[in-house]
Amino acid sequence: MNVSYDEGERQKLDVYGVNLPNDAPIVVFMHGGYWQGMNKFTSSYAIKPFVDAGIKVIVVDHDLCPDIPLSEVVKQFRKASEFIINEAFMKKAKSISFVGHLSGAHLITLMLEQKFIDKIGSEKFKLIKNVVLISGIYDLNELKDVKCANRDNLLSLDSSNVDSVSPAKQTFDHLNNFSIKFFLFVGSDESPTLQQQSNNMKDILGSSRLNAEFREVENCDHFNIVEKLSESDYEITKIIVSNI
């Protein structure tokens, strides 16, 4: 617990399933909270079904806005991902699957840039097998003026930087060199805005000829769609486990 991936107070991660073999597959979970709330402790509810299936789970934390700008949160998650992938490569882990909710889905998607691949190397990046995006937010132009999510501009967004931290404004053609499978989930009772954001992101990934699957999960809202990951018979849990 509390493994440091950098020097910040919250730049830590927790590893579950440490008694599993070194080469066990890994699920990395990045919580939501609009980059300004939640933590790895309150996000550890989804551990048991995966560890029971022989999968290690790593839950990541980061410093919060407005203590740091969103652009720095993006850098912190990339640093955490680099740390995890390097460790997994050293231990010969079978694969890594990234799972993120809301802002966590945003951070995971932005991490997949060419510069990140260049930094860690293609052989290590090939460890990434699945990317699971749950009720994600991908175009922050729709968020920067919303008071409930960006009160007093605590995310430090403006017209000069909002596109650079919006996955929907990036290109993903470079990922054609890899075999990553994308799963995008949104609840049937989710807000229309987030439903549309997931649909649009699926189309963006598809336009880069990537393997991207979109599913609307019946009778799920913004919260229980991710909380139900604690259940082994839950639709998304079963999809993640069966694809590892």
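To be clear, the structure that these remarks concern was listed above.
This section reports on the structure supplied with the text. Just so we're clear, the structure is a prediction, and the values are computed from it rather than from any experiment.

Quick look at the side chain of Ser95
Then, in step 1: Within the element layout of this structure, Ser95 appears in the loop between helix H2 (70-90) and strand S5 (96-101).
Then, in step 2: Those residues within four positions of Ser95 in sequence are excluded, and the remaining contacts are Pro25, Ile26, Leu127, Lys129 and Ile244.

Some remarks on empty space enclosed by the protein
Then, in step 1: Taken as a whole, this structure holds one cavity of 30 Å³ or more when the rule is applied.
Then, in step 2: Its boundaries defined by the atoms lining it, the largest cavity holds a volume of some 40 Å³.
Then, in step 3: In this structure, the largest cavity is lined by Val27, Phe29, Ala46, Phe50, Val57, Val99 and Leu229.
Then, in step 4: Class assignment for the residues of the lining of the largest cavity results in seven nonpolar, no polar and no charged.

As for the nonpolar core
Then, in step 1: Formed by 56 residues in total, the largest nonpolar core has its most connected members in Trp35, Leu70, Phe125 and Phe182.
Then, in step 2: Of all the elements, H2 adds the most residues to this core, at eight residues.
Then, in step 3: Discounting residues that sit within four places of it in the chain, Leu70 has contacts with Trp35, Cys65, His106, Leu140, Leu155, Leu157 and Val165.
Then, in step 4: Grouped together as the second largest cluster of nonpolar side chains are 23 residues, Ala46, Val99, Val226 and Leu229 included.

Here we look at the environment of Lys12
Then, in step 1: If you trace the backbone, Lys12 turns up in strand S2 (residues 12-16).
Then, in step 2: Setting aside residues no more than four positions away along its own chain, Lys12 makes contact with Asn2, Val3, Ser4, Tyr5, Lys40, Val59, Val60 and Asp61.

Things to note about the pairing of S2
Then, in step 1: Of all five residues that make up S2, four are buried, and the element is covered over most of its length.
Then, in step 2: Alignment of strand S1 (residues 3-4) against S2, held across two bridges, turns out to be antiparallel. The residue bridging Val3 from the neighbouring strand is Leu13, located in S2.
Then, in step 3: Bridge analysis of S2 against strand S4 (residues 56-60) gives four bridges, and the strand direction is antiparallel. Within the sheet, the bridge partner assigned to Val15 lies in S4 and is Ile58.

With respect to the side chain of Asp139
Then, in step 1: Within the element layout of this structure, Asp139 appears in the loop between strand S6 (128-134) and helix H6 (147-150).
Then, in step 2: Lys169 provides the closest opposite charge to the buried, unpaired Asp139, separated from it by 4.1 Å.
Then, in step 3: A distance of 2.9 Å separates the side chain of Asp139 from the side chain of Asn141, its partner in a polar contact.
Then, in step 4: With sequence-adjacent residues up to four places away left out, Asp139 is seen in contact with Ser166, Ala168, Lys169 and Gln197.

Some words on helix H7 (residues 192-207)
Counting along an α-helix, one turn takes 3.6 residues, and residues three or four places apart therefore face a common direction.
Then, in step 1: Taking 1.5 Å of rise per residue, the 16 residues of H7 would be expected to cover 22 Å, and the 22 Å separating its terminal C-alpha atoms lies within 8% of that figure.
Then, in step 2: Leu194, Gln195, Gln197, Ser198, Met201, Ile204 and Leu205 are the residues of H7 that are buried.
Then, in step 3: Taken together, the buried residues of H7 touch helix H3 (103-111), strand S7 (181-187) and strand S8 (211-217).
Then, in step 4: Just past H7, the residue Arg209 takes up positive phi, approximately 60°.

What counts as what
Residues numbered from 1 in each chain as written. Predicted model: local features only at pLDDT ≥ 70, side-chain atom pairs only at ≥ 80, totals over all residues. Heavy atoms only, no water. Helix = DSSP H or I, 4+ residues; strand = E, 2+ residues; numbered from the N terminus. Contact = heavy atoms within 4.5 Å. 1 Å grid on protein atoms, 1.4 Å probe; cavity = no way out; pocket = protein on both sides within 12 Å on 5 of 7 lines; lining within 4 Å. Points joined across faces, edges and corners; volume = space filled by probe spheres on them. Nonpolar A, V, L, I, M, F, W, Y, C, P; charged D, E, K, R; others polar. Core = buried A, V, L, I, M, F, W, Y, C linked by side-chain atoms within 4.5 Å. Buried < 20%, exposed > 50% of the residue type's maximum accessible area, 1.4 Å probe, protein only. Pairing = 2+ DSSP bridges. Lys, Arg positive; Asp, Glu negative; His and termini not counted. Salt bridge = Lys/Arg side-chain N within 4 Å of Asp/Glu carboxyl O. Polar contact = N/O pair within 3.5 Å; in protein donor to acceptor, adjacent residues only side chain to side chain. Expected span 1.5 Å × (residues − 1).

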